[in-house]
Amino acid sequence: MPSIAWSTSDLAVVALSGIAVPFVQSSDVWHTNAVTVLEHRSASAPRRVLTRAAWLLAAVLLVAANLRTPVTSLGALLDSLHSIGLSTGTASFLTSLPVLCFAAVGATGMTLARRVGAHRGVALGLALIVAGLLVRVVAGSTTLLVGTFLACAGIALANVLLPVVVKEHFPTKVGQVTGTYTAVMSTGAALGAALTVPIASAAGGWRIGLVAWVVPAVLALVAWTVSGRGREHARSRSRGASLWRSPVAWAVTITFGTQSVFAYVIMSWLPTMYADAGYSHGEAGLLLAVSILIGVPIFVVAPTVAARMRSQGPLVLLLTAITAAGFAGMAVAPHAGGWLWAVLLGVGGAVFPVVLTMFALRTCNSDDTAALSSMAQSIGYLIAAAGPLLVGLLRDTTGSWTTSCVLLLGVAVVQATAGLVAGRPVVVGTGPRNDR
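Residues numbered from 1 in each chain as written. Predicted model: local features only at pLDDT ≥ 70, side-chain atom pairs only at ≥ 80, totals over all residues. Heavy atoms only, no water.

(A) Representation of helix 16 (residues 366-398). Here helix 16 contains 33 residues, and its C-alpha end-to-end distance of 47 Å stays within 8% of the 48 Å for a straight helix at 1.5 Å per residue. The opening residue of helix 16, the one whose side-chain oxygen lies 3.2 Å from the backbone nitrogen of Asp367, is Asn365. Gly399 sits one or two residues past helix 16 and shows a positive phi near 85°. (Helix = DSSP H or I, 4+ residues; strand = E, 2+ residues; numbered from the N terminus. Expected span 1.5 Å × (residues − 1). Polar contact = N/O pair within 3.5 Å; in protein donor to acceptor, adjacent residues only side chain to side chain.)

Encoded structure:
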């Protein structure tokens, strides 16, 4: 019988298996049975790892499904809320509150990840979403504002920390997982916009239409809590990366900011652009839905491709050119090519999951990923907050959308330039650096 070196944990497994009975069996029989148990343990370990990974992936997707519905569901019912004393000014502020909240609260993501861990941070974000969805339907306009702030604060935390979770638990599948969860996020946004009004109409009130989205949020919180059992939540001893002097970190931040400008301009103004071009309001809303949904499969594919590329700059350049073509078309022939422009804008929006993938690709550990994600999203969303405002002001000043589209073409030039730098195959942060 060959000799085998037994570790303490091996002997413990054998003993707990009920076969450690050398006094009633021969040593050879005991030895054979023990080896069988350990081989079984070795074979089942990968299955357990895969099962845990599958549960965590499912939880990530459930979280992602809730990261836009609190915003799009409110937008769908905004015209119906004047009965609670919601002024036009307050309604306008509500449309800007999400992106401002994403910028302000997103800055705390790195600190939270360092103190309690990314997993607990996402759980806190989900709890805030649930609380916000409940609070905003309690009374009038004040609780609507407070609840919306709470929900958007929770979304902001999850926005920053999900890339950290992906980096930590799916390091070899960053592109695939990021693409999948951003596609689910977009699908959730579309469902929130499409289903809230029918739910409110069927239930006989706007409150039911808004509070209905607490159900998937609670489901996500439960799934996330279960998936986190047994996982380590050790606090990081790292102070995090200092990225303020890194050209690549700033390029990633600018790229995130410019794509956010496009996204929020599209969500805020694209239906109005189409309506001014001669489409009915129903057709204009449908064109926005097409623009969002056409991007879903592209969102899955683009980051997977990005993760396999040495440099992601050319991919950002291609997607930016597609976005620019869409806005150029809206300036020149908004009605004649309306459906084509909606498709192009939807495809070009895939810069969003690509830049999220860069958070992990440009860093070598989860602390640095948290730092880059927090920096890019806090500053990027602050940049994005100015986009819809400037586009609307230009429309009011000039009386047409042409000047606004020219401005957006300039933003595309900035995004393409920043994207080429952001896509450089270098590492930023506290890890081994080659950011030159």
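(B) Inspection of the side chain of Ser373 at higher detail. Its location among the elements puts Ser373 in helix 16. Within polar-contact distance, the side chain of Ser373 engages the backbone oxygen of Val160 at 2.9 Å. Among residues more than four places away in sequence, those in contact with Ser373 are Asn159, Val160, Pro163 and Phe359. (Contact = heavy atoms within 4.5 Å.)

(C) Here's a closer look at the nonpolar core. Among the nonpolar cores identified, the biggest contains 102 residues, and Trp224, Val252 and Tyr274 are the most heavily contacted of them. Element by element, the count of residues in this core is highest for helix 11 (residues 247-276), at 13 residues. Contacts of Trp224, omitting those with residues within four sequence positions, involve Leu56, Ala59, Val60, Val63, His119, Val122, Ala123, Leu126, Leu162 and Val165. In terms of nonpolar packing, the next biggest core, distinct from the first, is built from 13 residues, Leu74, Leu78, Leu81 and Leu97 among them. (Core = buried A, V, L, I, M, F, W, Y, C linked by side-chain atoms within 4.5 Å. Buried < 20%, exposed > 50% of the residue type's maximum accessible area, 1.4 Å probe, protein only.)

(D) Local environment of the packing of aromatic side chains. Taken as a whole, this structure holds 10 aromatic pairs when the rule is applied. In textbook terms, an aromatic cluster arises when at least three aromatic residues are bridged by ring pairs, as seen for Phe102, Phe256, Tyr264, Phe299, Phe352, Phe359 and Tyr381. (Phe/Tyr/Trp six-rings, centres within 6.5 Å; stacked < 30°, edge-to-face > 60°.)

(E) Seen up close, the environment of Thr90. Relative to the assigned elements, Thr90 resides in helix 4 (residues 88-106). With a relative accessible area of 22%, Thr90 lands in the partly exposed category. Separated by 51 residues in sequence, Thr90 and Ser141 have C-alpha atoms that sit 8.3 Å apart.

(F) Structural detail: the side chain of Thr148. Relative to the assigned elements, Thr148 resides in helix 7 (residues 141-169). Residue Thr148 is classed as buried on the basis of its relative accessible area of 2%. Engagement of the side chain of Thr148 in a polar contact is seen with the backbone oxygen of Leu144, the distance being 2.7 Å. The contact partners of Thr148, leaving out residues within four places of it in the chain, are Leu74, Leu94, Leu97 and Arg136.

(G) Structural detail: the environment of Leu86. With respect to the helices and strands, the residue Leu86 is situated in the loop between helix 3 (69-77) and helix 4. In this structure, the C-alpha to C-alpha distance between Leu86 and Gly140, residues 54 residues apart in sequence, is 8.0 Å. Beyond its immediate chain neighbours, meaning those up to four positions away, Leu86 contacts Leu78, Leu81, Ala91, Leu94, Ser141 and Leu144.

(H) The packing of helix 12 (residues 281-308) against helix 14 (residues 338-348), seen in detail. Contact pair helix 12 / helix 14: the axes reach a minimum separation of 7 Å and the direction vectors enclose 40°. In this view, helix 12 runs oblique relative to helix 14, as classed from their interaxial angle. For the crossing formed where helix 12 meets helix 14, the hand is right-handed. Along its contact with helix 12, which presents Leu286, Leu287, Val290, Ser291, Ile294, Gly295, Ile298 and Phe299, the element helix 14 presents Gly338, Trp339, Ala342, Val343, Leu345, Gly346 and Val347. Of the residues assigned to the contact of helix 12 with helix 14, the class counts are 11 nonpolar, four polar and no charged. (Axes fitted to C-alpha atoms, helices over the stretch in contact; angles between N-to-C directions. Parallel < 35°, antiparallel > 145°, perpendicular 65-115°, else oblique. Left-handed = near helix turned anticlockwise from the far one by under 90°. Nonpolar A, V, L, I, M, F, W, Y, C, P; charged D, E, K, R; others polar.)

(I) Examining the confidence of the model for the protein chain more closely. On average, residues of the protein chain score 83 in pLDDT, and 83% of them reach the 70 mark or higher. When mean pLDDT is taken per element in the protein chain, helix 13 (residues 313-332) scores highest with 97 and helix 1 (residues 8-16) scores lowest with 39. The model gives residues 1-27 a pLDDT under 50, and that stretch makes 36 contacts with residues more than four places away or in other chains. (pLDDT = per-residue confidence, 0-100.)

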